[in-house]
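What follows is each chain in one-letter form.
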Amino acid sequence: MSAAQANSASGRRDVLAVTIGPGGVRARRTGRSDAADSFVEMPDAPVAPGDAAAGVRLVAAVADLTRRAEGSPEAAVWAVPEEWYGAPAAQLLEAARAQVSGGATAPRVVVVAHEFATHVGAFGAVRAGTCLEVGASAAALATDAGRLWHRLDGWGPLLGSRGSGAWIGAQGVAAGLRWRDGVPDGSEVLLAAGRQAFGDESTWPTLLAGADAAVALTSFAPRVAEAAHEDEIARAILRHAGEALADTLLAGRRLLPEEPIVAVGGLLYLHELRVALAAALGRRQAFLVPGLGGALEGARLVGEHLLGGGGLPHHPPYVVRDDPRELTG
């Protein structure tokens, strides 16, 4: 029996999964045995599209995982952030396909949106449902992985991202400033926390309006959660955040009434926010399924899905495939 036959018989497939994010590039090749499983993390790899050669540079960054003694992987799946949508994704697909197959048609090479990879990883399969990711921003993807692809929120803290880290942080510093100004709904506790985190409040408008405003505001979210143990205004902010996140999830549920909902993301490590979200969903008689994995695992599962003959449409920006007409792996 050949290695490929043995791999197929055991249910294990050789998939190269790559994610691009703020922390750099993470890549995993499963290989045809446990011993062949490889993982690399490159925090200094270029992650912005920049120019037409950016995709080539990224493909070269994981070349060692692609070219091994046993040959190319059976499938390669790249998960990219929003700045890679459009032409950069198509260029990355072309470069990745050329690396795996020498330029021949390779329907099992695909570029997917990071939020779709997160969706698949969270559910543990390519399946219908609504996945909410909560971090500096908050956005959900409701999809049946076929015809319906609907993004909810993700508008950023000025226009949306309701319940996100940046939203909670902004609400917290605003409550502190209300106390400072002597108007209703202010919080002395949050004013003190804001001064400790950011310095004198006279500097806040400039500090919290720059390019890194969302990151700075998100860094304040844990202080709001901590203040909620003693401060009613902070507790109200967390309650409202939970309500907002629940509203986003339920908007997705209305599009896919029979399908599950899941929430993932670093901000959910805040116990106070998890409790607020669970309470808000409970009042709506809705419940989350457990999140099973992250975007890298999701990218791997997309490859497994295609290799198993599963369908996946060419539907930019969520799925970019070689042939727009091809619907199956």
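These notes cover the structure that comes with them. (Residues numbered from 1 in each chain as written. Predicted model: local features only at pLDDT ≥ 70, side-chain atom pairs only at ≥ 80, totals over all residues. Heavy atoms only, no water.)

Description of helix H6 (residues 165-181)
With 17 residues, H6 extends 24 Å between its outermost C-alpha atoms, agreeing within 8% with the 24 Å of an ideal straight helix rising 1.5 Å per residue. By the burial criterion, the buried members of H6 are Gly-165, Ala-166, Trp-167, Ile-168, Gly-169, Gly-172, Val-173, Ala-175 and Gly-176. Elements in contact with the buried residues of H6: helix H7 (188-198), helix H8 (204-207), helix H9 (213-227), helix H10 (232-255) and helix H11 (271-283). Where H6 ends, the next residue or the one after it, Gly-182, has phi of about 75 degrees, a positive value. (Helix = DSSP H or I, 4+ residues; strand = E, 2+ residues; numbered from the N terminus. Expected span 1.5 Å × (residues − 1). Buried < 20%, exposed > 50% of the residue type's maximum accessible area, 1.4 Å probe, protein only. Contact = heavy atoms within 4.5 Å.)

Topic: the sheet that holds strand E5 (residues 109-113)
A sheet is described by the order of its strands in space; here six strands give the open sequence E3-E2-E1-E4-E5-E10, paired in mixed fashion. Of all strands in the sheet, those with a lone pairing partner are strand E3 (38-42) and strand E10 (319-320), marking the two edges. Pairing of E5 with E10 involves two bridges; the strand directions are antiparallel. Paired with Val-112 across the strands is Val-319, a residue of E10. Across the face of the sheet, helix H5 (residues 114-123) comes into contact with strand E1 (15-21), strand E4 (75-80), E5 and E10 while running at roughly 95 degrees to E5. (Pairing = 2+ DSSP bridges. Axes fitted to C-alpha atoms, helices over the stretch in contact; angles between N-to-C directions.)

With respect to the packing of aromatic side chains
In the structure shown here, the tally under the stated rule is four aromatic pairs. Measuring from centroid to centroid gives 5.5 Å for Trp-149 and Tyr-318, while their planes differ by 15 degrees, and the two rings are stacked. Here Trp-149 is found in strand E8 (residues 149-153), whereas its partner Tyr-318 is found in the loop between helix H12 (295-307) and E10, with 169 residues between them in sequence. Given a relative accessible area of 10%, Trp-149 falls into the buried group. For Tyr-318, a relative accessible area of 9% corresponds to the buried category. (Phe/Tyr/Trp six-rings, centres within 6.5 Å; stacked < 30°, edge-to-face > 60°.)

Details of the sheet that holds strand E6 (residues 129-134)
Overall, mixed pairing links the four strands, which are arranged E8-E7-E6-E9 in an open sheet. In this open sheet, the two edge strands, each paired with only one partner strand, are E8 and strand E9 (261-264). On average, each strand axis in the sheet is tilted by 15 degrees relative to the strand beside it, whichever way the strands run. Across four bridges, the pairing between E6 and E9 is parallel. The residue of E9 that forms the bridge with Leu-132 is Ala-263.

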